[in-house]
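In case you want the letters, here they are:
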Amino acid sequence: MDVNGTVAEGFEPVREAFVRNFEVLGERGAAVAVYRDGHRVVDLWAGTKDVDGTKDVDGTADSAPWERGTAQIVRSATKGVAAAALLLLHQRGLLDLDAPVGEYWPEFKAVGKERVLVRHVLSHRAGLPVLDRPLTPEEALDPLRGAEAVARQALVWEPGTDHGYHALTYGWLLGELVRRVTDRGVGDWIAEEIAGPVGADLWVGLPAAEAGRVGRSGRVEAPGNAGGLRSRPKRSVTEAYDDPASLTRRAFAAITPFPDQNDPAYRAASLPATNGIATAEGLARFYASLVGEVGGGPRLFTPGTLAAARAEESAGPDRVLVINTRFGLGYMLHGSASPFLDAGSFGHPGRGGSLGFTDPESGIAFGYVTNGFSKTVTADPRAQALVRGVRAAL
């Protein structure tokens, strides 16, 4: 496997893990980037741009290779970027985390949702993980239709009393709050207030001019027990995903059928729970910028906002994922469901592979993107192998 890019002295274990992902774990095309104290120490990429890329018998590439700047859809790793929008609005005094959502979005108060707070949305405690009538793919591409559907939806549990992963509804809740407060779409706001100022290649709503950089993604099978992590989910988890009536199945089916993630129309839409597109370097740079300056760009979070982002809001059995999860405000926290670097780390995985996080104590910011999505939800073996490589380097 030809691996391109560089690693700083001492970070060779990350490169070794990256190579092993291709040799053992079924990786097709991927990139990983790591910052430490605002300086890039890992920048690696390999494989093909498209997941279905192959090679001829003579070894000649049959499809484009992954290049510096190749981007991929990162699924729920989008949530970590989108959460920064609400936290920055709060930091600027434009949004009260303890205010009812209906204060900014009056239509939302329908069918007993007056007590849902902005804080509940960010911490997956709003009680709105499902839609009784799922959206079609065509409806889902219109952010106003998603917001209208959530506003009509009744609560599954009393807000603030329990938590469960809002897999898709999170995006419409968060996106509409941004629109109500700023009169801008969440994708535009992220581009203008986050990605642009810090110089990060990431988008929620892919511009047509960037479409050629994005590879095709698809399912891959990872052979064997990867790196010692559990390769077979618990029976309760399997049953929850198989049961059409479970909160798990219904939460992930809020759009039915789920859109083709390679469809240009899907990529161009603004779905801040699921369809962000990023380079590994862009994802790592974003997380590095949350906690410090990078290349002369601004630090995004003040110490107070940083403390709020990673203060535990939800912990324990997750009513949707059916495992123990931990959330701060918009971010998963280090734990068994999604191990990051250490106790103070926070970030967000994407279902099937991608991962972005930062660990302020060590100064590490991490980004991994792939074109091959496995069956994992929160802790992909390839990403975890790279995290262990970072830990070994430290």
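Here the structure is shown first, and the text comes after it.
Cut-offs and rules
- Residues numbered from 1 in each chain as written.
- Predicted model: local features only at pLDDT ≥ 70, side-chain atom pairs only at ≥ 80, totals over all residues.
- Heavy atoms only, no water.
- Helix = DSSP H or I, 4+ residues; strand = E, 2+ residues; numbered from the N terminus.
- Contact = heavy atoms within 4.5 Å.
- Pairing = 2+ DSSP bridges.
- Axes fitted to C-alpha atoms, helices over the stretch in contact; angles between N-to-C directions.
- Parallel < 35°, antiparallel > 145°, perpendicular 65-115°, else oblique.
- Nonpolar A, V, L, I, M, F, W, Y, C, P; charged D, E, K, R; others polar.
- Salt bridge = Lys/Arg side-chain N within 4 Å of Asp/Glu carboxyl O.
- Buried < 20%, exposed > 50% of the residue type's maximum accessible area, 1.4 Å probe, protein only.
- Expected span 1.5 Å × (residues − 1).

S.K.: Would you mind going over the overall build of the protein chain with me for this structure?
M.R.: Scanning the protein chain from terminus to terminus reveals 14 helices and 14 strands. C-alpha atoms of the protein chain, sized along the principal axes, occupy 65 × 45 × 40 Å. By sequence separation, contacts in the protein chain at least 24 residues apart represent 68% of the contacts at least 6 residues apart.

S.K.: Please explain the sheet that holds strand β5 (residues 202–203) as it appears in this structure.
M.R.: To summarise the sheet geometry, strands pair through backbone hydrogen bonds and adopt either a parallel or an antiparallel arrangement. As summarised here, the arrangement of the three strands in space is β4-β7-β5, forming an open sheet in which the pairing is antiparallel. Of all the strands in the sheet, just β4 (72–73) and β5 have a single pairing partner and so form its edges. Pairing geometry for β4 and strand β7 (residues 277–278), over two bridges, is antiparallel. Its bridge partner lying in β7, glutamine 72 is registered against alanine 278.

S.K.: Would you take a moment to explain the packing of helix α2 (residues 78–91) against helix α8 (residues 186–198) for this structure?
M.R.: When two helices pack together, their arrangement is given by the angle between the helix axes and by the axis-to-axis distance. Axis separation between α2 and α8 bottoms out at 10 Å; the angle between their running directions is 75 degrees. Here α8 runs roughly perpendicular to α2, going by the angle between their axes. Across from Val81, Ala82, Ala84, Ala85, Leu88 and Leu89 in α2, the residues of α8 making contact are Trp189, Ile190 and Ile194. Of the residues assigned to the contact of α2 with α8, the class counts are nine nonpolar, no polar and no charged.

S.K.: What should I look at first to understand the pattern of salt bridges in this one?
M.R.: Pairs can form between side chains of opposite charge once their charged atoms are near each other. Tallied over the full model, the rule gives 24 salt bridges. For the salt bridge of glutamate 139 with arginine 145, the shortest nitrogen-to-oxygen distance reads 2.8 Å. Note on arginine 145: relative accessible area 34%, which makes it partly exposed. When salt bridges that share partners are traced, they join Arg40, Asp43, Arg68, Glu281 and Arg285 into one network.

S.K.: What am I meant to see in unusual backbone geometry here?
M.R.: Glycine aside, negative phi is the norm for most residues, and most peptide bonds take the trans geometry. The amide bond that connects threonine 256 to the next residue, proline 257, takes the cis arrangement and shows omega of -10 degrees. By secondary structure assignment, the location of proline 257 is in the loop between α10 (247–252) and α11 (264–268). A positive phi angle, close to 50 degrees, is found at arginine 75, a residue other than glycine. Residue placement: arginine 75 occurs in the loop between β4 and α2. Judged by relative accessible area, arginine 75 falls into the buried class, the value being 16%. Even without being glycine, valine 111 reaches a positive phi, approximately 45 degrees.

S.K.: Where do I start with the environment of proline 65 in this structure?
M.R.: Inspection of the secondary structure assignment puts proline 65 in the loop between β3 (39–47) and β4. Residue classification places proline 65 among the partly exposed positions, given a relative accessible area of 44%. C-alpha separation for the pair proline 65 and alanine 269, spaced 204 residues apart in sequence, amounts to 26 Å. Contacts of proline 65, omitting those with residues within four sequence positions, involve Gly47, Thr48 and Lys49.

S.K.: Explanation requested: helix α12 (residues 280–291) in the structure shown.
M.R.: For an α-helix, the turn length of 3.6 residues means that residues three or four places apart are oriented alike. An ideal rise of 1.5 Å per residue puts 16 Å on twelve residues; α12 measures up with 18 Å between its terminal C-alpha atoms. Most of α12 is tucked away: twelve of the twelve residues are buried. Along α12, the positions that sit buried rather than exposed are Ala280, Glu281, Gly282, Leu283, Ala284, Arg285, Phe286, Tyr287, Ala288, Ser289, Leu290 and Val291.

Note that every value here comes from positions in space, so none of it alone points to a role or purpose.
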